[in-house]
Amino acid sequence: QVQLVESGGGLVQPGGSLRLSCVASGSIFSIKSMGWYRQTPGKQRELVAAITSGGNTNYADSVKGRFTISRDNAKNTVYLQMNSLKPEDTAVYYCNSRVITIATMSEYRYWGQGTQVTVSS
């Protein structure tokens, strides 16, 4: 079993910054990729940013130049630095990870419980 625990959400004014963190723990052989998705009521969950074990990154067009994803492989942790936040960034942010588990040596996809980010004055 693998657990993803997110932290760092909260309320911030437009133009402000927040940093999200997500730690993966459990029966992990290796982590192929980690990323962040977000979801607002009535909408589908959408990719915000992702990073592979080799450091390759992918961003949604709406956050390019404002958000930065990074990863500490030794700590099984992914970060999302969010700058110049806008009200439309308000959402529940979910951590996602593709993990090869020790028990089966197969790849599975795991989700965190989500953390609320609210951008409002």
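As the structure is a prediction and not an experimental result, all values here were calculated from the model. (Residues numbered from 1 in each chain as written. Predicted model: local features only at pLDDT ≥ 70, side-chain atom pairs only at ≥ 80, totals over all residues. Heavy atoms only, no water.)

A. View of the state of the cysteines. For the structure shown, the criterion picks out 1 disulfide. Across the disulfide from C22 sits C95; the S-S distance is 2.1 Å. Around the S-S axis, the bridge from C22 to C95 shows a dihedral of about -85° and counts as left-handed. Taken as a pair, C22 in strand β3 (residues 18–26) and C95 in strand β9 (residues 91–101) lie far apart in primary sequence, 73 residues in all. (Disulfide = S-S within 2.5 Å. Helix = DSSP H or I, 4+ residues; strand = E, 2+ residues; numbered from the N terminus.)

B. Molecular detail of the side chain of T77. Looking at the secondary structure, you find T77 in strand β8 (residues 77–82). Here T77 falls in the buried class, since its relative accessible area comes to 5%. In this structure the side chain of T77 is engaged in a polar contact, spanning 2.8 Å, whose partner is the backbone oxygen of K75. Apart from residues lying up to four places away in sequence, T77 is in contact with C22, V23, M34, S70, R71 and D72. (Buried < 20%, exposed > 50% of the residue type's maximum accessible area, 1.4 Å probe, protein only. Polar contact = N/O pair within 3.5 Å; in protein donor to acceptor, adjacent residues only side chain to side chain. Contact = heavy atoms within 4.5 Å.)

C. The sheet that holds β8, seen in detail. Read across the open sheet, the 4 strands follow the order β1-β3-β8-β7; overall the sheet is antiparallel. Only two strands of the sheet have a single partner each, and these edge strands are β1 (2–7) and β7 (67–72). In this sheet, adjacent strand axes meet at a mean angle of 15° when their direction is disregarded. (Pairing = 2+ DSSP bridges. Axes fitted to C-alpha atoms, helices over the stretch in contact; angles between N-to-C directions.)

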